[in-house]
Amino acid sequence: MKRLVVLISGQGSNLQAILNACEQGQIHGSVAAVFSNKSEAFGLTRAREAGVPAHALAASQFADREAFDNQLMLEIDAYAPDLVVLAGYMRILSPAFVQHYAGRMLNIHPSLLPKYPGLHTHRQAMENGDEEHGTSVHFVTEQLDGGPVILQAKVPVFAEDSEEDVTARVQHQEHAIYPLVVSWFVDGRVEMRDNAAWLDGEKLPEEGHAFD
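Residues numbered from 1 in each chain as written. Predicted model: local features only at pLDDT ≥ 70, side-chain atom pairs only at ≥ 80, totals over all residues. Heavy atoms only, no water.

**Student:** Explanation requested: unusual backbone geometry in the structure shown.
**Tutor:** Residues apart from glycine generally show negative phi values, whereas peptide bonds are mostly found in trans. Residues Leu 113 and Pro 114 are joined by a peptide bond in cis, for which omega reads 10 degrees. One can find Pro 114 in the loop between strand 5 (105–109) and helix 5 (121–127). Residue Asp 200 is not a glycine yet carries a positive backbone phi of 50 degrees. Its place among the elements puts Asp 200 in the loop between strand 9 (196–199) and strand 10 (202–203). (Helix = DSSP H or I, 4+ residues; strand = E, 2+ residues; numbered from the N terminus.)

Structure representation (structure tokens):
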């Protein structure tokens, strides 16, 4: 059984989807621990309710980003994870942290990368009149939201939509595709090689594997 460590900053809805998938046997692994940079994050409650160790580290306790990330690495590595999963983790990672987990760290980003890296993706899509939006699961590299994409899911954007409508539509897809990609990694089907994502021995295109 592979071991996952999940990093969160907020509600932890993607964490819950992963916990559920592990419990249901869709992911042949288990969540060994959950870490957050916010002690009040509801995702920590989700972890505790699932019987998973839940930890919070406050950035204010550390001199700089590197010191924070060094401590986080020490605490993560105590659980010997096969995969680190970023699920709504809102801190920019130091290069040393990214390099330490290179090829075994995933992130989910609420846009069709490379469009709209960073924050407020749904708002940007709506303001630009996009008729299509979505979410991307990718390997983490030092480029913000720029690592090789493994899988994307698309959703329509309608003229009458509110930002909440679009958010809900995207999250519904996130909860489907993130556990799926985690299962691929755990089963040895997906890997990062030559700064590209590979699935079942085939190099994936820039937008990742087609998911409909």
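**Student:** Help me out: how do you make sense of the nonpolar core in this one?
**Tutor:** Soluble globular proteins tend to bury their nonpolar side chains together. Residues Leu 4, Ile 18, Val 31, Val 34, Ile 150, Tyr 178 and Val 182 are the most contacted members of the largest nonpolar core, which totals 37 residues. The dominant element in this core, judged by the number of residues it contributes, is helix 6 (residues 163–186), at seven residues. (Core = buried A, V, L, I, M, F, W, Y, C linked by side-chain atoms within 4.5 Å. Buried < 20%, exposed > 50% of the residue type's maximum accessible area, 1.4 Å probe, protein only.)

**Student:** Help me understand the packing of aromatic side chains in this model?
**Tutor:** For any pair of aromatic rings, the description consists of the separation of the ring centres together with the inter-plane angle of the planes. As enumerated under the stated definition, the model contains three aromatic pairs in all. Relative to Phe 68, the ring of Phe 62 lies with its centre 5.4 Å away and its plane at 80 degrees, an arrangement referred to as edge-to-face. Taking the relative accessible area as the measure of exposure, Phe 62 reaches 22% and is therefore partly exposed. Directly above the aromatic system of Phe 68 lies the positively charged group of Arg 91, at a separation of 4.1 Å from the ring centroid. If you follow Arg 193 out to its NZ or CZ, it ends over the ring of Trp 198, 3.8 Å from the centre. (Phe/Tyr/Trp six-rings, centres within 6.5 Å; stacked < 30°, edge-to-face > 60°. Lys NZ or Arg CZ within 6 Å of the ring centre and 35° of its normal.)

**Student:** For this particular structure, what's the right way to read the sheet that holds strand 10?
**Tutor:** Sheet strands associate in pairs through backbone hydrogen bonding, adopting either a parallel or an antiparallel arrangement. Ordered in space as 8-9-10, the three strands form an open sheet in which the pairing is antiparallel. In this open sheet, the two edge strands, each paired with only one partner strand, are strand 8 (190–193) and strand 10. Pairing analysis gives two bridges linking strand 9 to strand 10, with the strands arranged antiparallel. Pairing of Trp 198 across the sheet is with Lys 203, part of strand 10. (Pairing = 2+ DSSP bridges.)

**Student:** What exactly am I supposed to notice about the environment of Gly 10 here?
**Tutor:** Looking at the secondary structure, you find Gly 10 in the loop between strand 1 (2–8) and helix 1 (13–23). Overall, the relative accessible area of 26% leaves Gly 10 in the partly exposed class. Distance in space between the C-alpha atoms of Gly 10 and Leu 151 is 23 Å, their sequence separation being 141 residues. Excluding residues that lie within four positions of it along the chain, Gly 10 makes contacts with Ala 41, Phe 42, Gly 43 and Gly 88. (Contact = heavy atoms within 4.5 Å.)

**Student:** Can you walk me through the pattern of salt bridges in this structure?
**Tutor:** Between side chains of opposite charge, a pair can form as their charged atoms come close. Tallied over the entire structure, the rule returns six salt bridges. In this structure, Asp 130 engages Lys 115 in a salt bridge whose closest nitrogen and oxygen atoms are separated by 3.0 Å. Placement of Asp 130 in the loop between helix 5 and strand 6 (132–139) and of Lys 115 in the loop between strand 5 and helix 5 is noted, with a sequence separation of 15 residues between them. (Salt bridge = Lys/Arg side-chain N within 4 Å of Asp/Glu carboxyl O.)

**Student:** How should I be thinking about the environment of Met 105 in this particular structure?
**Tutor:** Within the element layout of this structure, Met 105 appears in strand 5. Note on Met 105: relative accessible area 1%, which makes it buried. Linking Met 105 and Thr 167, residues 62 residues apart in sequence, is a C-alpha distance of 24 Å. Excluding its chain neighbours within four sequence positions, the residues that come into contact with Met 105 are Leu 83, Val 84, Leu 86, Leu 93, Phe 97, Val 98, His 138, Phe 139 and Val 140.

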